Amino acid sequence: MAEIKTRSGYLLVAASLMSISGVGSAQERISSKDLLDMSLQELLGLKISSYSRVEQKISDIPASLEVIDQQEIQALGYRSIAEILSATIGFYRTESRAWFGSTNFGVRGAYSQGVFNDMVVLINGVNQKSLAASGVYLERTEVPVELIKRIEIIRGPMSVTYGNMAFLGAINIVTIDGKESLSNRVTLVRANNNSERGTLEFSEHSDSMMYQFNLSYENQKDFNFPYSDLISDTSILTNFGLSPDSKVADYHDSIFANFALQTPTTNIYIQHRNAKIGVIDAIPGVGFGSLAENKSTTFSIKREYELNDNWRMNAQVDLLNFNYLVDEEFGFENSFSVNTSQNKTTRITSDFIYSPNNKLQVISGLSYANGDYSAIDDYPNDGLENFEYDLESDYSLHYTAVYSNAFYEFSDNLDITGGIRFERVGDYTLVLTENRIVDDSQNIEFKEVNENSWLALPRLSMTYRLSDDSDFKAIYSSGSKEPTVGQNINIDNPLESERINSIEFIYTQKVGRSLFSASVFNNQFDDLITGRFDFVNNTWITEFTNVGKITTTGVELGYNYIANDQFNLQIDAAYYNTKNKTQFFEQVELGLSPGHMIKAKAIYKFTDDITISAVVNHTDSVLADWQIDPTQPTPQEQVNSGSRYALGADAFTTIDTSILFKDLFNQKLTEHLMSQENLSQLEKLITEAFENRGDFSPQSAPSEVREAVTEALTMIDSGKVRVAEKVNGDWVVNQWLKKAVLLSFSLERK
């Protein structure tokens, strides 16, 4: 497979595109440059579902997006989703081994403390955020890269589709795709930093059903620094029996398992992950004394219905159960210390798709979710014993939304898209219990949180095709982010939702072997929740208000060059000007916000079996956040007397190189190749079916035709046969395989 990859939605063109452009003689000779001569619109045939929850062509999607497929993941040597995001324009990575111990990312110059909470994270279309949580622990979503078919990334508010969880966009990690060939395999990886990873994949695929089972184990040891590199005052280490040369505990152990079952109308997905990571909390994380453990279990079932010629319906039910535990037994010699929480969410979503003609499509839906939440803090040495947060009744968190997206082809050159979402988070009562093991009503406090208002989140966009090789998109979008249960503790008046309004313009142009893209955007953030959650003098202090205001103006440029079918170069650059507009903070430079970044990827294919690649990541320096001085009498003096709570990070540049060897062992020793006689019979059957394709419909096609097409596509995807082969510098098309591809489209349910 040859591939072309660019940003802002112009990406991933399989070589099979050139083989379905028409039906001709038994064999045609196609010059390798023909693929490069295809128009921009012809290159955009890939379909994704993360924009509207319904499969759509990229050319129909008005957004800044990127798709990273399995071949690119392998060629560039990515080892984790965090590495993939780090190499994607707009993302910059932070590592926090404090308390929650989670990887986090800033997006387009904006950064939120804690766990990753600026974008919705999906796995096979299943939202990974629970109702009560502030975000998503990326350790829960760290799917082994060997199992990933592709990752779809949309930058910009996606709240019309996903509500208050898609503040700055959406990430969909796809591990299951019934259209692709499946395989049974075992993968073992051993790295020179004493890390190891193993995966097992087993699957079966037929015309009527596909099932897949994956199991993965990973142990990493990549965070092992002396404390002298992390803190300025090393004298406090003696209180824990440590020296400045003592190193931070390094531990990252995880198990991932999932099962998927697909039929033409039903998808069932079950996932479980257990991840442990060494952390630094109130005490140094040495030995195995400070571990954060994340357990997550997800069950999802989705059913598709064809109501009539114009109407379809998708119904989906997701069940999520997340558990979090920090074990700090090491720091307390005479007692057990723990911080633990549990989140449960049931989410029901129905999408109604109305397509009266080929110019209009309306996708409307209903979403309802309820959830449960509880947490326990036990820090006896700090005077906080068995403190419990819980909801007054089970599953008393509620969320309701109605939404609609409309796509209309106004003319041959102009598409208009509009959408709106109305959402509401229901009221709930939080129960706070001090020293819960003592039966005393004086220890219990009830905290009512009333959130009666509905939010309206609109989106409007326009796509204008200037020519076959260029287009222009203008996008207005809005988003929201709900306050968490924890932020509303000890708040007399419940916090409001954080808001964002975004305007973006995207221009793309194809010139010969090059693809250019440019994006200019302005994000206005209002009602951002600022404050602190601290433990002072044996008392939890919660001070949060909706006073934060930030603006970001950004420019993102992309360039992709395809020298030939062996070499691909992609360069992305971005500039972000982020300003803090919060009252009293106007003169304080915003922390954790780089001004620019450059990402570059190059892939060179020496042979069909050997590929070399390089990934370059340059990110500007950042400052630490500004911490106010709460001892001062006025807000202005608190800000003026504040300081950076830590050292910032210098600008850095990393270069990662990889060499990929495929088919290192002779395939003939490990797999059975179809005999020439069977191959001829398959060719005859497909050729006859293609000539008689008008005699059957997707519902009435003979089973032997379906099986033959499936077998042909499986051989194409596995590389046993090729639609087009290069012979003496020219491409030779195997017409019967091209006909198999065309038949597969005819057999799909419409």
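Refer to the structure above for everything that follows.
Residues numbered from 1 in each chain as written. Predicted model: local features only at pLDDT ≥ 70, side-chain atom pairs only at ≥ 80, totals over all residues. Heavy atoms only, no water.

## Some words on the overall build of the protein
Regarding its fold elements, the protein presents eight helices and 37 strands. Here the protein holds 750 residues, and 50% of them are scored as buried. Pairs at least 24 apart in sequence give 65% of the contacts found in the protein among residues at least 6 apart. When the accessible surface of the protein is summed, it comes to about 33,900 Å², and 52% of that surface belongs to carbon and sulfur atoms. (Helix = DSSP H or I, 4+ residues; strand = E, 2+ residues; numbered from the N terminus. Buried < 20%, exposed > 50% of the residue type's maximum accessible area, 1.4 Å probe, protein only. Contact = heavy atoms within 4.5 Å. Areas by Shrake-Rupley, 256 points an atom, 1.4 Å probe, with all protein chains shown as cover.)

## What about the packing of helix 7 (residues 703–718) against helix 8 (residues 735–747)?
Running from N to C, helix 7 and helix 8 cross one another at 120°; their axes reach a closest spacing of 9 Å. With respect to helix 8, the element helix 7 is oriented oblique. Considering the relative orientation of helix 7 and helix 8, their crossing is left-handed. Across from Val705, Arg706, Val709, Ala712, Leu713, Met715 and Ile716 in helix 7, the residues of helix 8 making contact are Trp736, Leu737, Ala740, Val741, Leu743, Ser744 and Leu747. (Axes fitted to C-alpha atoms, helices over the stretch in contact; angles between N-to-C directions. Parallel < 35°, antiparallel > 145°, perpendicular 65-115°, else oblique. Left-handed = near helix turned anticlockwise from the far one by under 90°.)

## Focus on the side chain of serine 514
Residue placement: serine 514 occurs in strand 28 (residues 514–536). You can call serine 514 buried: its relative accessible area is 9%. If near-sequence neighbours (up to four positions away) are discounted, serine 514 is found in contact with Gln509, Tyr559, Asn560 and Tyr561.

## Points about the environment of aspartate 527
Counting through the fold element by element, aspartate 527 comes out in strand 28. Judged by relative accessible area, which is 34%, aspartate 527 ranks as partly exposed. Along the sequence, aspartate 527 and valine 547 sit 20 residues apart, while their C-alpha atoms lie 5.3 Å from each other. The residues contacting aspartate 527, other than those within four sequence positions of it, are Ser497, Glu498, Arg499, Asn546 and Gly548.

## Quick look at the nonpolar core
In terms of nonpolar packing, the biggest core is built from 42 residues, with Ile171 and Ile173 touching the most fellow members. Elements with a contribution of two residues or more to this core: helix 2 (70–75), helix 3 (81–86), strand 6 (103–107), strand 7 (120–123), strand 9 (150–155), strand 10 (169–174), strand 14 (252–262) and strand 28. For this core, the element with the highest residue contribution is helix 3, accounting for four residues. The next biggest cluster of nonpolar side chains, apart from the first, holds 22 residues, and it includes Ala708, Ile716, Leu737 and Leu743. (Core = buried A, V, L, I, M, F, W, Y, C linked by side-chain atoms within 4.5 Å.)

## A word on the sheet that holds strand 10
Across the sheet, which stays open at both edges, the five strands sit in the order 4-9-10-7-8 with mixed pairing between neighbours. Sheet topology places strand 4 (64–69) and strand 8 (126–127) at the edges, where each strand pairs with a single neighbour. (Pairing = 2+ DSSP bridges.)

## Points about a nonpolar patch on the surface
Nonpolar side chains collect at one region of the surface, where Val186, Leu188, Leu200, Phe202, Phe213, Leu215, Tyr217, Ile255, Phe259 and Ile270 lie side by side and expose about 880 Å² of accessible area between them. Top contributing element to the nonpolar patch by residue count: strand 13 (residues 210–220), with three residues. Mapped onto the elements of the fold, valine 186 is located in strand 11 (residues 185–190). With a relative accessible area of 60%, valine 186 lands in the exposed category. (Patch = residues over 30% accessible without salt bridge, like charges linked within 9 Å, V, L, I, M, F, W, Y side chains within 5 Å. Salt bridge = Lys/Arg side-chain N within 4 Å of Asp/Glu carboxyl O.)

## A look at the side chain of threonine 552
With respect to the secondary-structure elements, threonine 552 resides in strand 29 (residues 539–562). Polar side-chain contacts of threonine 552 include one of 3.1 Å to the side chain of threonine 578. Apart from residues lying up to four places away in sequence, threonine 552 is in contact with Arg108, Phe521, Asn522, Asn523, Phe525, Tyr576, Asn577 and Thr578. (Polar contact = N/O pair within 3.5 Å; in protein donor to acceptor, adjacent residues only side chain to side chain.)

## Some details on the pairing of strand 7
Neither face of strand 7 is open: one carries Val120 and Leu122, the other Val121 and Ile123, and all of them are buried. Strand direction decides the pairing type here: strand 7 and strand 10, joined by four bridges, are parallel. Within the sheet, the bridge partner assigned to leucine 122 lies in strand 10 and is asparagine 172. Of the pairings in the sheet, the one linking strand 7 to strand 8 comprises two bridges and is antiparallel in character. Pairing of isoleucine 123 across the sheet is with valine 126, part of strand 8. Between strand 7 and strand 8, which pair antiparallel in sequence order, lie two residues; one of them, asparagine 124, sits at a positive phi of approximately 55°.

## Concerning helix 7
With 16 residues, helix 7 should cover 22 Å at 1.5 Å per step; its first-to-last C-alpha distance of 22 Å lies within 8% of that length. Within helix 7, the full set of buried residues consists of Val705, Arg706, Ala708, Val709, Ala712, Met715 and Ile716. (Expected span 1.5 Å × (residues − 1).)

## What about helix 8?
Its 13 residues give helix 8 an end-to-end C-alpha distance of 18 Å, which sits within 8% of 18 Å, the value for a rise of 1.5 Å per residue. Looking only at helix 8, the buried set comprises Gln735, Trp736, Leu737, Lys738, Lys739, Ala740, Val741, Leu742, Leu743, Ser744 and Leu747.

## Some details on the environment of isoleucine 659
Relative to the assigned elements, isoleucine 659 resides in strand 35 (residues 652–661). For the pair isoleucine 659 and serine 613, spaced 46 residues apart in the sequence, the C-alpha separation amounts to 6.5 Å. Residues contacting isoleucine 659, with those up to four places away along its chain left out, are Ile610, Thr611 and Ile612.

## Side note on the packing of aromatic side chains
All chains considered together, the criterion is met by 13 aromatic pairs. Ring centres 5.1 Å apart and planes at 40° place the aromatic pair phenylalanine 516 and tyrosine 559 in the tilted group. Residue phenylalanine 516 is found in strand 28, and its partner tyrosine 559 is found in strand 29; the two are separated by 43 residues along the sequence. For phenylalanine 516, a relative accessible area of 38% translates into the label partly exposed. Ring geometry for phenylalanine 521 and tyrosine 576: centres 6.1 Å apart, planes at 50°, overall tilted. Placement of phenylalanine 521 in strand 28 and of tyrosine 576 in strand 30 (residues 567–580) is noted, with a sequence separation of 55 residues between them. In this pair, the class of phenylalanine 521 matches that of tyrosine 576, namely buried. (Phe/Tyr/Trp six-rings, centres within 6.5 Å; stacked < 30°, edge-to-face > 60°.)

## Brief notes about the environment of alanine 315
You can see alanine 315 is positioned in strand 17 (residues 311–327). For the pair formed by alanine 315 and isoleucine 348, sequence separation is 33 residues and the distance between their alpha carbons is 7.6 Å. What alanine 315 contacts, discounting residues up to four positions off in sequence, is Ile301, Lys302, Arg303, Tyr305, Thr349 and Ser350.

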